[in-house]
Protein chains: 2
Amino acid sequence: MIKSGIVNQRLQDLREVMQREHLAAFIFPSTDPHQSEYVADHWKGREFISGFDGSAGTAVVTMNSAALWTDSRYFLAAEEQLKGTEYQLMRLKIEGTPTIAEWIGRECGAGVEVGIDGWCSSASEIRDLIADLRQQGGLTLRTNLDPLRMIWRDCPTIPENPVEIYPLQYAGEATHDKITRIRRALREQHVDGMLMSALDDIAWTLNLRGTDVHCNPVFVSYLLISSKDVTLYINKVKLSPEVVTYLNAEGVGVASYENVSKGLKDYFEYNILLDPNEVNYVLFKSVTREIVEAESPVKRMKTVKNEREIAGFKSAMLKDGIAMVKFLKWVDEWKEESGKGKENSLTTESEISVSKRLEALRAEQPLYRGLSFDTIAGYQAHGAIVHYEATPETDIPLQPEGFLLLDSGAQYLDGTTDITRTVALGPLTEEQKRVYTLVLKGHIQIELCKFPSGASGTQLDILAREALWREGLNYLHGTGHGVGTYLNVHEGPHQFRMEWKPAPLVAGMTITDEPGIYLAGKFGVRIENTLLITPYKETEFGKFLQFEPLTLCPIDTSPVISDLLLPEEMAWLDSYHQFVYDTLAPHLDEAETAWLREACQPIKKKL
Amino acid sequence: MIKSGIVNQRLQDLREVMQREHLAAFIFPSTDPHQSEYVADHWKGREFISGFDGSAGTAVVTMNSAALWTDSRYFLAAEEQLKGTEYQLMRLKIEGTPTIAEWIGRECGAGVEVGIDGWCSSASEIRDLIADLRQQGGLTLRTNLDPLRMIWRDCPTIPENPVEIYPLQYAGEATHDKITRIRRALREQHVDGMLMSALDDIAWTLNLRGTDVHCNPVFVSYLLISSKDVTLYINKVKLSPEVVTYLNAEGVGVASYENVSKGLKDYFEYNILLDPNEVNYVLFKSVTREIVEAESPVKRMKTVKNEREIAGFKSAMLKDGIAMVKFLKWVDEWKEESGKGKENSLTTESEISVSKRLEALRAEQPLYRGLSFDTIAGYQAHGAIVHYEATPETDIPLQPEGFLLLDSGAQYLDGTTDITRTVALGPLTEEQKRVYTLVLKGHIQIELCKFPSGASGTQLDILAREALWREGLNYLHGTGHGVGTYLNVHEGPHQFRMEWKPAPLVAGMTITDEPGIYLAGKFGVRIENTLLITPYKETEFGKFLQFEPLTLCPIDTSPVISDLLLPEEMAWLDSYHQFVYDTLAPHLDEAETAWLREACQPIKKKL
């Protein structure tokens, strides 16, 4: 955590630049020129200027004030991290929270100029911002200045890590075939080419992976596709001779990263597809041909997994399940010892120590490449901080009572995992049992759902919430997101969420199912499997789809109040546990198998 | 029904005009200059030219071909009505159905001109159409010609029916107060005025009602609101001296209907709000001031009922329930007689005869003003035609078996009703019982739902469908719509439906809950109550809402397969029936009360 004194000093440095440039306010979003959710250190400018290190947040600095907007996942963490700084926390989607433009208008008055780095916001974000600022007494926006280049002296460089080829046996489709499909999709929209800017889209298209972003196996680059050429804009030190040869063979040329603006200027086809939600404002404005504004066709293609990718997911989930079982068995042993009143003789375990243990168990698995995101291990009240990541300052020892919420995942060469389990470490309150059971009901209702092909996740989302809503409970995050193939753990555009997302759900997509409840200061519960969408049946009313769980790990049944479960919910739980047992047991030793058999007992027998 | 020979003759008349005007195709939508769902006879041009009389459909005529687009509600009816004409039926939302522009492009080739009457389409429809036609090889659109004025010699005139004052005791809010609220809402959007074009919005705002449109108590007019003036554009013969005095007292001026274009040209404020989905293209184009494109604030205001309106709804529902109980008792007696093998001595009843009987029973009720839509009485296979209206040609006698689907409603001065019951007339097949029970489950899950204030109907819709989807069944219409206060039976923008509708659900709204299943050639089931949205509870997670049934009428439990119902679904059914009995019984005679007691028995006892 950055000390508040340092943050306030940086604000003073920034204000000197702002004064020189006659800027009344400066806006720092959380992303990079590629609109990445997680960014390389070079682009962590919002963290530099505010001290807040969550994945989503926007800092705004005026000459006399500063504020940070973030969403409900980060309310508690941001409050903590902004303490002692000038920053005021702005809670998104809470009544009374002003928009950024409203706040600037209020703080700075009419007619002033505001700054933002046009490279690090999408074209549509900037357009909206310009319109919003104009509404606030005619404020204007300047986009061609990055003050951090002047005040962030030890800013890390843009990563130069090497790129590796993602083998066809996992990717399942060769790059030249993907490019043929992309060009066909573009032709259907009467478009000649496109600029690809999202790093995971580029990695997927080229069957390449990198290590430029923590936990995300992507590499910094742009890809320009025309009807004749494909050009990768990348720092060439990242490419081994083998990769250069490979790209050549797939019909992909290489140019330097900085030359992408020039590449766009030299693009001579009639029109070009740019996704205004994805391409940054500076590049968008540098295009001289007719722009077709549309979602990149790659977004959708990437989310529909082919047979090899699905096989890879299942293999990765098997390994992840083995690691999880070894881990949960170890937690159980710790519980048992502590239950015998042997606390004093026990090793002290904490949020960080169990996270490390789990990471080590995953690292033993073949093709392990690292975590897919920083492990969230929140004990009791920390479990109520949605995106909590324990640090040495916040870490607390586990006690033999209450809930440990564990949201974790790994990158394996054959697939990416994402799983949450909430584990009872000992006695629970009635409230804890009740909330746990309601969250489990929501989780199971999504697993049980059948739906017409093409339905949106917004339509299905309520199934995870209705049991909670009936008791006046809710969670403000989405219910689920797509998962990449040895790629980003968050993959869109399809999702389960309360807000409208038109992206249709189709067979072959992965999606997580992760309802939760967070009672501030008390505890949090979240239960998450990653699911695969598969065909269900076809009738005179069309094609229907279903979910198949990919995640292989028992769900703690000890907190369940069985009277709250419907017979179909109990039956799902039992059959899921049977499936987990049958799949994992052949890969476990005798003691592990015995533990798993017990954990997978039918719920009626256990209660 | 218009004979096919007549339709084909009209096509020839039209083509003479088209040839003279060098138009390759002409498009006839189903609406009027006010974008009404149901229109006065004067505007039934699409029916005139195609013979198809459904409420939704678009006819397109080229020099050599003709086609009619309609949605799934009307597939069977349209097929029947288009028989023997040149028209090809285009099924909306079915794979392979071309868009109108695609079809015209295919039929007429590139570069030709297409016609449409710019008065009878909204600005946004025309804009979309222009863009779509341009995509099809550069087709252009002409909007200033209405060929029907030349070929429809006996076209009915625009209605001149008198307008009446809607008493404040039912409206609950005076016109000048409503106008104050509207102006406040406009100011919040920084707008000086608006053109109101939707007939029900105008009726609601002015607390006036009319009889210009079959079943809809509206009157043809426009309302122009500026920061200083309010002007009603209407044919003055419709206004009695009493209404003129009333309007005067409420601060509303009057001008003739034809002068609305002039009124817009003379509008001298800085800007004006027009809803491009509502205001027709010709009027939209005639505005010379800055246009703020936004939804009319009246849409939302009108849907949130005040206390008087809610009291009126409850009073109307009581009367409607009494009529329904008398009717269902009579149906039961007919069933009983026929069950005794006395078919021969029975009066023959048919779809039309029972509709008339029900209408007569409603007409006995105080403040009855007519039907709120044409009764849908579909016996067996006719029940599978979603918007079936029996005609002397299609009417069939009822038999003591299978299902009669009855969707009906009335206009009372104090409120509007809309109810569907599916009644077993005798033995049912297993499939009928199963489908009935699944539809009932869907209906009840909506009734049981609790949800955060502001949720959209798109989020809730799945609760009515999930039981059906699990068996590969679905219905392609929405699950529910708002209902007006002695106004249109379809009131938006809030709805339950699969398609995205952002309109948030808030306390005070009415909404129907009407899932169904339609098995072509077999039978249809639909079960509908009208609901009121009321507060449920407030917690740290915000305000939650619930539904309260307004409709008072037993649901036939004889087809129910009780094993398919959840305990909570049975409990809802029993408590609803208790509520229906307790509310209606004091208003019924002894025999009716005895019948109702039996019909409202708890389901467990009955099965």
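Heads up: the structure comes first, above all this text.
Trainee: Any chance you could break down the interface of chain A and chain B for me, citing the residues and the numbers?
Mentor: If you look at the interface, chain A gives 32 residues, while chain B gives 32 residues. Carbon and sulfur atoms supply 60% of the area buried between chain A and chain B, which totals about 2,900 Å² over both sides. Its largest share of buried area at the contact with chain B, chain A owes to Gln-459, Arg-470 and Phe-541 of chain A, together 24% of the area lost on that side. The interface formed by chain A and chain B includes two salt bridges. A salt bridge links Glu-568 of chain A to Arg-470 of chain B, with the shortest nitrogen-to-oxygen separation between them at 2.7 Å. Summed over the shared surface of chain A and chain B, the result is 10 residue pairs in polar contact (both at pLDDT 80 or more). Listing elements by their share of the side of chain A that touches chain B, those giving two or more residues are helix H16 (430–448), strand E21 (450–452), helix H17 (457–460), helix H18 (462–469), strand E25 (516–519) and strand E27 (529–539) of chain A. Looking at side-chain class alone, the side of chain A that touches chain B contains 17 nonpolar, eight polar and seven charged residues.

Trainee: I'd like to hear about the relation of the copies chain A and chain B, residue by residue, with values.
Mentor: Between chain A and chain B, the superposition needs a rotation of 180 degrees and an axial shift of 0.0 Å, giving an RMSD of 0.0 Å. Such a turn and shift between the copies fits a two-fold axis. When each C-alpha of chain A is compared by its distance to the rotation axis, Gln-459 of chain A comes out closest, at 2.5 Å. When the interface residues of chain A are mapped onto chain B, 100% of them are again interface residues, pointing to one common binding face.

Trainee: Describe in detail the packing of aromatic side chains, supporting the description with residues and values.
Mentor: Residue and element names in this part refer to chain A. As enumerated under the stated definition, the model contains 31 aromatic pairs over all chains in all. Relative to Trp-103, the ring of Trp-69 has its centre 5.5 Å away and its plane inclined at 80 degrees; by these criteria the two rings are edge-to-face. Within this pair, whereas Trp-69 is found in strand E3 (residues 66–70), its partner Trp-103 is found in helix H4 (residues 100–108), the two being separated by 34 residues in sequence. A relative accessible area of 3% places Trp-69 in the buried class. On the basis of an interplanar angle of 70 degrees and a centroid distance of 6.0 Å, the ring pair of Tyr-368 and Tyr-412 is categorised as edge-to-face. Highlighted residues: Tyr-368 in strand E15 (residues 368–371) and Tyr-412 in strand E18 (residues 410–412), separated in sequence by 44 residues. What makes Tyr-412 buried here is its relative accessible area of 0%. An aromatic cluster of three or more residues is present, and its members are Tyr-166, Tyr-170 and Tyr-486. We note Lys-178 situated over the ring of Trp-204; from NZ or CZ to the ring centre the distance is 4.1 Å.

Trainee: Let's hear about helix H9 (residues 199–206) of chain B: which residues, and what values?
Mentor: All names here are of chain B. The element H9 is largely enclosed, with a buried count of eight among its eight residues. When we look at burial in H9, the residues that qualify are Leu-199, Asp-200, Asp-201, Ile-202, Ala-203, Trp-204, Thr-205 and Leu-206. Once H9 ends, the next one or two residues include Asn-207, with phi positive near 50 degrees.

Trainee: Requested: an account of the sheet that holds strand E17 (residues 403–408) of chain A, with residues and values cited.
Mentor: All names here are of chain A. Read across the open sheet, the three strands follow the order E16-E17-E20; overall the sheet is antiparallel. On the outer flanks of this sheet lie strand E16 (376–379) and strand E20 (419–424), each paired with one strand and no other. Between one strand and the next, the sheet's axes are offset by a mean angle of 10 degrees, whatever the strand orientation. As paired strands, E17 and E20 are joined by six bridges and run antiparallel to one another. Bridge pairing links Leu-404 to Val-423 in E20. Running over the sheet, helix H14 (residues 307–339) touches E17 and E20 and is turned about 15 degrees from E20.

Trainee: Before we move on, can you summarise the sheet that holds strand E2 (residues 58–62) of chain A with the specific residues and values?
Mentor: What links the strands of a sheet is backbone hydrogen bonding, and the strands pair in either a parallel or an antiparallel sense. All names here are of chain A. Pairing is mixed in the open sheet, where six strands are placed in the order E4-E3-E2-E1-E5-E6. Unpaired on one side and paired on the other, strand E4 (87–91) and strand E6 (140–142) mark the two borders of the sheet. Neighbouring strand axes in the sheet, compared pairwise and without regard to direction, differ in orientation by 25 degrees on average. Inspection of the sheet shows strand E1 (residues 25–28) paired to strand E5 (residues 113–116) by three bridges, in the parallel sense. Bridge pairing in E5 places Ile-27 opposite Ile-116. Contacting E1, E2, E3, E4 and E5, H4 crosses the sheet at an angle of about 15 degrees to E2.

Trainee: Please give an account of a negative patch on the surface that cites residues and values.
Mentor: Residues and elements named next belong to chain A. A cluster of like negative charges, contributed by Glu-102, Glu-125, Asp-128 and Asp-132, occupies part of the molecular surface. Ranked by residues supplied to the negative patch, first place goes to helix H5 (residues 123–135) with three residues. Mapping Glu-125 onto the fold places it in helix H5. Of the residues examined, Glu-125 reaches a relative accessible area of 39% and is grouped as partly exposed.

Trainee: Which residues make up the environment of Phe-52 of chain B, and what are the values?
Mentor: Looking at the element boundaries, Phe-52 of chain B is found in the loop between helix H2 (45–50) and strand E2 (58–62). Sequence spacing of Phe-52 of chain B and Tyr-475 of chain B is 423 residues, and the spatial spacing of their C-alpha atoms is 22 Å.

Trainee: So what's going on with the pattern of salt bridges? Residues and values would help.
Mentor: Under the counting rule described, the total for this entry stands at 72 salt bridges over all chains. With a closest N to O distance of 3.6 Å, Lys-335 of chain B and Asp-332 of chain B form a salt bridge. Of this pair, Lys-335 of chain B and Asp-332 of chain B both sit in helix H14 (residues 307–339), separated by three residues, roughly a single helical turn. Several salt bridges converge on common partners, so that one network encompasses Asp-200, Asp-201, Glu-278, Lys-299 and Lys-302 of chain A.

Thresholds, definitions, all that
Residues numbered from 1 in each chain as written. Chains lettered and ligands numbered in written order. Predicted model: local features only at pLDDT ≥ 70, side-chain atom pairs only at ≥ 80, totals over all residues. Heavy atoms only, no water. Contact = heavy atoms within 4.5 Å. Buried area = accessible area lost by both parts, 1.4 Å probe. Salt bridge = Lys/Arg side-chain N within 4 Å of Asp/Glu carboxyl O. Polar contact = N/O pair within 3.5 Å; in protein donor to acceptor, adjacent residues only side chain to side chain. Helix = DSSP H or I, 4+ residues; strand = E, 2+ residues; numbered from the N terminus. Nonpolar A, V, L, I, M, F, W, Y, C, P; charged D, E, K, R; others polar. Least-squares fit on C-alpha atoms with pLDDT ≥ 70 in both. Phe/Tyr/Trp six-rings, centres within 6.5 Å; stacked < 30°, edge-to-face > 60°. Buried < 20%, exposed > 50% of the residue type's maximum accessible area, 1.4 Å probe, protein only. Lys NZ or Arg CZ within 6 Å of the ring centre and 35° of its normal. Pairing = 2+ DSSP bridges. Axes fitted to C-alpha atoms, helices over the stretch in contact; angles between N-to-C directions. Patch = residues over 30% accessible without salt bridge, like charges linked within 9 Å, V, L, I, M, F, W, Y side chains within 5 Å. Areas by Shrake-Rupley, 256 points an atom, 1.4 Å probe, with all protein chains shown as cover. Lys, Arg positive; Asp, Glu negative; His and termini not counted. Charge placed at Lys NZ, Arg CZ, Asp CG, Glu CD.

Read these as spatial facts, not as claims about activity.
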